[in-house]
Structures are given as structure tokens and as C-alpha cells.
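# Overview (structure and organization)
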Amino acid sequence: MVAVCSAASVAQLRGCVVEGSGRYRVAAVSGVLFVVVLLAGLYVAPDLVYPEEQVGGVSGTFYAKYESRLLARAVLFGVASVLFLFFLGGLRAFLARAEGREPRLAPVVLAAGAVFTALGLLQAATLTALVALRGNELGVRAQGSGWAARALFYLEGAIGDLALFPFAGFLAAAAMVLVRTRVLPGWLGWIGVALGLVVGLLAAGSIVGLDIEPADQAILVLALIWVAALAICLDWLLPSASRRTGEALD
């Protein structure tokens, strides 16, 4: 039975080589672009500030000053979500082929990535609503709604913190497949496992109110760099990695 399974796994992985690395090129390009666009969205505007009380006609507040940049952040988050879905589809297919007939972690990667994407879109929608509400206050169309602005402010931050949990699951599950199957370079898998654990701890720390800035931004950037490296490996390192996996199964 072991020999039959090994032979089937080898044949399956060799099929990846025969079909060529271009099979996952769309996913690879989408993954790299996702990282670039998401980083641009994170840094296109400064961090949100606590919504202060505003008087109609005042134009010097934070949300009025940075309105265009904050809306650009929301748009970039939306574009990044679409790109991540294309990357997620290709990655799920690749990991499922690597795991064999009964993939167990590839569905986890897909589910965690989908939840992460949904929370990212919800965060962008909340940010858009907050900016719109602040603008309406300045136009004397929503006076006395400071409490709503502050609720949206806290909601936007909470969604961002919660999104780290499925992102950590995505990192850990994808990395564990790499470690178990050795379908891509081993160092990539072990680094991904470590980053998944660290991002999970970061998520828990953010929820309970621990202030670890600027380490949290550095951790997120490192995790996104790992995602970009994974995307690149899907296309450019696939043939050699698949051959190494086949030899290991032999």
C-alpha cells in the first residue's frame, strides 16, 4: 500500500513538471502584486486618530485633511483582496496536489485565506464609512454623530486585529504543507511556521491591548514578504522543487 501511494504521489508531482511552471503563473503574479498593493495601502495614509468633536464648517481635522489618502487606502485594500483570491485559488490547487488524494491542510489554507479576505474588505468598508461620516459632519449634515464616528473608529481597528487570526492560520497551514511534503525549499516552510505563530501571538496581543509598536508593523511586513516569496516559488522554483519531492518519496 505504501509503495502504491508513493508511486501515485511521485506521478502526481511529476505531472506538475510536465505541465510546466506556467500552470501557476497567474497565482504567482497575483500573490506578488497582492503584497505590493497591500503594503501600498497600509502606508499610503497615516494611522487613524481618535475622532474628535467637530463643528460644521471646520476643515482642518485629520479626516478632512487626509480624506483622499484614506479613501485610496480603502480602494487598495479592495484591489489587494481580489489579487489575494486569485493567488489563493492557485495556492490551494498546488498544495492539494502536493498533499495527495486526501488533502487536509489545503482546505484550511483556502478557508483561512477567504476569511482573511472578507475581514479585509469589511475593514475597508468601515474605513470608507468613517471618512464619509466625518465629511458629512463638516457639511453640517450629521452634527452630533461623534459617537458614531468613534464607534466606527474602534470597529475598524478591531476588524484589523481579528483579521490577523485567519492570516496566521493561513501562514501556518501553508507552511506545514511545505514542511511535510518538501515540495518547495524547506527553509520557506520553517520560516512560514514561525511567522504563523508570531502573527497569532500578535493577534492575541492586539486584542488584549498590548502596545508593541513598531514591532507589530515589522512582523506584518515580514509575513507579507514570506507570502511574496511563496508566490515566486510557485512559478520559478516549481520544476526543481517537484523533482526533489519525487526523489524523496522514492
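Throughout what follows, the structure given in this document is the object of discussion. (Residues numbered from 1 in each chain as written. Predicted model: local features only at pLDDT ≥ 70, side-chain atom pairs only at ≥ 80, totals over all residues. Heavy atoms only, no water.)

### Some words on a nonpolar patch on the surface
Put simply, the rule reads: Two joining distances apply to patches: 9 Å for like charges and 5 Å for nonpolar side chains (Val, Leu, Ile, Met, Phe, Trp, Tyr), and every residue must have over 30% relative accessible area and no salt bridge. Where accessible areas are quoted, they stem from the Shrake-Rupley method and a 1.4 Å probe; at the residue level, only the protein chains shown are allowed to cover. Only one rule defines a salt bridge in this text: a Lys or Arg side-chain nitrogen within 4 Å of an Asp or Glu carboxyl oxygen. Think of it this way: any DSSP run of H or I at least four residues long counts as a helix, any run of E at least two long counts as a strand, and we number them from the N terminus. Only protein chains enter the area calculation, which uses a 1.4 Å probe; residues under 20% of their type maximum are buried, those over 50% are exposed, and those in between are partly exposed.
A cluster of nonpolar residues, Leu162, Phe165, Ile207, Val208, Leu210 and Ile212, forms a patch on the protein surface that exposes about 550 Å² of accessible area. Among the elements of the structure, α6 (146-181) and α7 (186-208) are those that each provide at least two residues to the nonpolar patch. In this fold, Ile212 is placed in the loop between α7 and α8 (215-236). The class of Ile212 is partly exposed, set by a relative accessible area of 35%.

### A short note on the packing of aromatic side chains
For any pair of aromatic rings, geometry is given as the distance between the ring centres together with the angle between the planes. Selection rule: Any two rings among Phe, Tyr and Trp, with Trp reduced to its six-membered ring, count as a pair given centres within 6.5 Å; such a pair is stacked if its planes are under 30 degrees apart, edge-to-face if over 60, and tilted if neither.
For the structure shown, the criterion picks out 12 aromatic pairs. For the pair Tyr24 and Phe94, a centre-to-centre distance of 5.4 Å together with 80° between the ring planes defines the contact as edge-to-face. With Tyr24 in the loop between α1 (2-19) and α2 (25-43) and Phe94 in helix α4 (residues 67-99), this pair connects stretches of sequence that are 70 residues apart. Judged by its relative accessible area of 2%, Phe94 falls in the buried class. Aromatic pair Phe84 and Phe116: ring centres 5.6 Å apart, planes at 75°, arrangement edge-to-face. Placement of Phe84 in helix α4 and of Phe116 in helix α5 (residues 106-138) is noted, with a sequence separation of 32 residues between them. Comparing Phe84 with Phe116, the two get one shared label, buried. Three or more aromatic residues link up through ring pairs in this structure, and these residues are Phe34, Phe84, Phe87, Phe116, Phe167 and Phe170.

### Details of the packing of α6 against α8
Note the cut-off: Helix axes are fitted to C-alpha atoms over the stretch in contact, other axes to C-alpha atoms as well, and angles between N-to-C directions run from 0 to 180 degrees. Each angle is binned into one of four classes, with values under 35 degrees roughly parallel, values over 145 roughly antiparallel, values of 65 to 115 roughly perpendicular, and all other values oblique. Crossing handedness is read from the near helix: turned anticlockwise from the far helix by less than a right angle, it gives a left-handed crossing, and turned clockwise, a right-handed one. Working rule for contacts: check all heavy atoms of both residues, and any pair within 4.5 Å makes them a contact.
The contact between α6 and α8 brings their axes to 12 Å, and the two run at 40°. Taken together, the axes of α6 and α8 lie oblique to each other. You can see that α6 and α8 cross each other, and the crossing is left-handed. For the pair α6 and α8, the contacting residues are Leu164, Phe167, Phe170, Leu171, Ala174, Ala175 and Leu178 in the first and Leu220, Ala223, Leu224, Trp226, Val227 and Leu230 in the second.

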